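For reference, the chains in residue letters:
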Amino acid sequence: MNTKLKDKVLFVSGASRGIGLAIAVRAGKEGGRVAVAAKTATPHPKLPGTIFTAAEEIERAGGKALPLVCDIRDEESVKSAIQKTVEKFGGIDIVVNNASAISLTDTQNTTLKKYNLMHEINARGTWLVTKYALPYLIESGRKNRNPHILNISPPLTIKEQWFSGHVAYSIAKYNMSLCILGWAGEFREHRIAANALWPVTAIDTAALNMLDNLLASKSRTPQIVADAAQLILTKDSTHFSGNFVLDEVILREHGQTEFDHYLVTPGNRDLALDYFIEEEVFNKLKLLWKEDAKKKDPKL
């Protein structure tokens, strides 16, 4: 089975900026062909990047790109984007469900409009994109092209602390992970892998900077998620499915020991933990961070 990304066709939602863009560009470096599916066709006054600037970046990296205006809340928009991808590239091998909406508000302060937005994008949109890409993923499996679905969503740890304070957001995000749990079994016979990926730390995106500049300074770049995604998407789809992966953990499992190049603020290892990360995992990683720092400076 060909597990490399060269000439593979990826459909990436929310790929005009942030994590989605980083994953798309990383695939481009490997020679992938990427459908950049996002809403932003003209520059946003506060957020950088459009589907066209993303496509240019992917092609500069060595890949091929198809910029597509796509609102994953709209069925016809999704169907059209999937069809255009197939017409341009001849099929779809990989779906990355990255597009997401966030509002870290409690029940009383979450408007119905915000609730609907998060569920229409995070939960329904993820399901909708995958539904219409599925016939092509099945065909990819028949051709031994190593089809994958990757959701950018958290581990399925059902604890009060991950829901209280932002119930609407958490259940919308966990819906993406529940899809992975189901799809791993549903699509196994078609040789399609379904996995989730989540960052250990806060990730520096334009949206995070709008929410909290201090938090952004204690974050890592989206490149760490992209590097982890590349490892997942090049695994044998018949043997690696149904996993809830953390970015740094999988990179360390594959022998990576250097992580400072992902730091937004050079030298600042006082990193902000992302939501949904278990304390046990965090404590193990903190020890590793201390060990890494001592190797660089024995005086610490």
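Structure: see above.
What counts and what doesn't
Residues numbered from 1 in each chain as written. Predicted model: local features only at pLDDT ≥ 70, side-chain atom pairs only at ≥ 80, totals over all residues. Heavy atoms only, no water. Helix = DSSP H or I, 4+ residues; strand = E, 2+ residues; numbered from the N terminus. Rg over C-alpha atoms; globule rule 2.2 N^0.38 Å. Buried < 20%, exposed > 50% of the residue type's maximum accessible area, 1.4 Å probe, protein only. Contact = heavy atoms within 4.5 Å. Areas by Shrake-Rupley, 256 points an atom, 1.4 Å probe, with all protein chains shown as cover. Salt bridge = Lys/Arg side-chain N within 4 Å of Asp/Glu carboxyl O. Phe/Tyr/Trp six-rings, centres within 6.5 Å; stacked < 30°, edge-to-face > 60°. Lys NZ or Arg CZ within 6 Å of the ring centre and 35° of its normal. Polar contact = N/O pair within 3.5 Å; in protein donor to acceptor, adjacent residues only side chain to side chain. Core = buried A, V, L, I, M, F, W, Y, C linked by side-chain atoms within 4.5 Å.

Novice: Any chance you could explain the overall build of the chain here in plain terms?
Specialist: Counting its secondary structure elements, the chain contains ten helices and seven strands. A compact globule built from 300 residues should have a C-alpha radius of gyration of about 19 Å, and the chain, at 19 Å, falls within 12% of that. C-alpha atoms of the chain, sized along the principal axes, occupy 60 × 45 × 40 Å. Residues counted as buried form 51% of the 300 residues belonging to the chain. Here the analysis covers contacts within the chain between residues at least 6 apart in sequence; of these, 73% occur between residues at least 24 apart. Carbon and sulfur atoms form 53% of the exposed surface of the chain, whose accessible area is close to 13,900 Å².

Novice: Explain the pattern of salt bridges to me, please; I cannot follow it from the model alone.
Specialist: Pairs may arise between side chains of opposite charge once their charged atoms sit close together. Under the counting rule described, the total for this entry stands at 13 salt bridges. Between Lys79 and Glu76 there is a salt bridge whose closest N-O contact spans 3.6 Å. Of the two residues, Lys79 and Glu76 are both situated in helix H3 (residues 75–89); the distance of three residues between them amounts to about one turn of the helix. The partner of Arg145 in a salt bridge is Asp93, and the shortest N-O contact between them spans 2.9 Å. Of the two residues, Arg145 is situated in the loop between helix H4 (112–142) and strand E5 (148–152) and Asp93 in the loop between H3 and strand E4 (94–97); the sequence distance between them amounts to 52 residues. Judged by its relative accessible area of 3%, Asp93 is buried. Here the residues in one salt-bridge network are Arg26, Glu30 and Asp227, joined through shared partners.

Novice: Before we go on, may I ask you to explain the packing of aromatic side chains in this structure?
Specialist: In this description, an aromatic ring pair is defined by two values, namely the gap between the centres and the angle between the planes. With the rule as written, the count across this model stands at nine aromatic pairs. Following the ring pairs from residue to residue traces out a cluster consisting of Trp162, Phe163, Tyr169, Tyr174, Trp198, Tyr275 and Phe276. Between Lys131 and the ring centre of Tyr132, over which it is positioned, the NZ or CZ distance is 5.6 Å. If you follow Lys235 out to its NZ or CZ, it ends over the ring of Phe240, 5.0 Å from the centre.

Novice: I keep staring at the side chain of Thr50 and nothing clicks. Help me out?
Specialist: Tracing the sequence through the fold places Thr50 in the loop between strand E2 (33–38) and helix H2 (51–61). Classification of Thr50 as buried rests on a relative accessible area of 6%. A polar atom in the side chain of Thr50 sits 3.1 Å from the backbone nitrogen of Phe52. Filtering out sequence-adjacent residues up to four positions away, Thr50 remains in contact with Ser16, Thr40, Ala41, Thr42 and Pro43.

Novice: Any chance you could explain the nonpolar core here in plain terms?
Specialist: Soluble globular proteins: nonpolar side chains tend toward being buried together. Formed by 89 residues in total, the largest nonpolar core has its most connected members in Phe11, Val34, Val78, Ile92, Ile149, Leu150 and Leu197. Sort the elements by how many residues they give to this core and H4 lands first, with nine residues. Residues contacting Leu150, with those up to four places away along its chain left out, are Val95, Val96, Asn97, Asn195, Ala196, Leu197, Ala229, Ile232 and Leu233.

Novice: Would you explain unusual backbone geometry in this entry?
Specialist: Glycine aside, residues mostly have negative phi angles, and peptide bonds mostly take the trans form. Notably, Asn144 is not glycine yet its phi reads approximately 60 degrees, a positive angle. Locating Asn144 in the fold gives a position in the loop between H4 and E5. We classify Asn144 as partly exposed; its relative accessible area is 36%.

Honestly, it's all geometry; don't read function into it.
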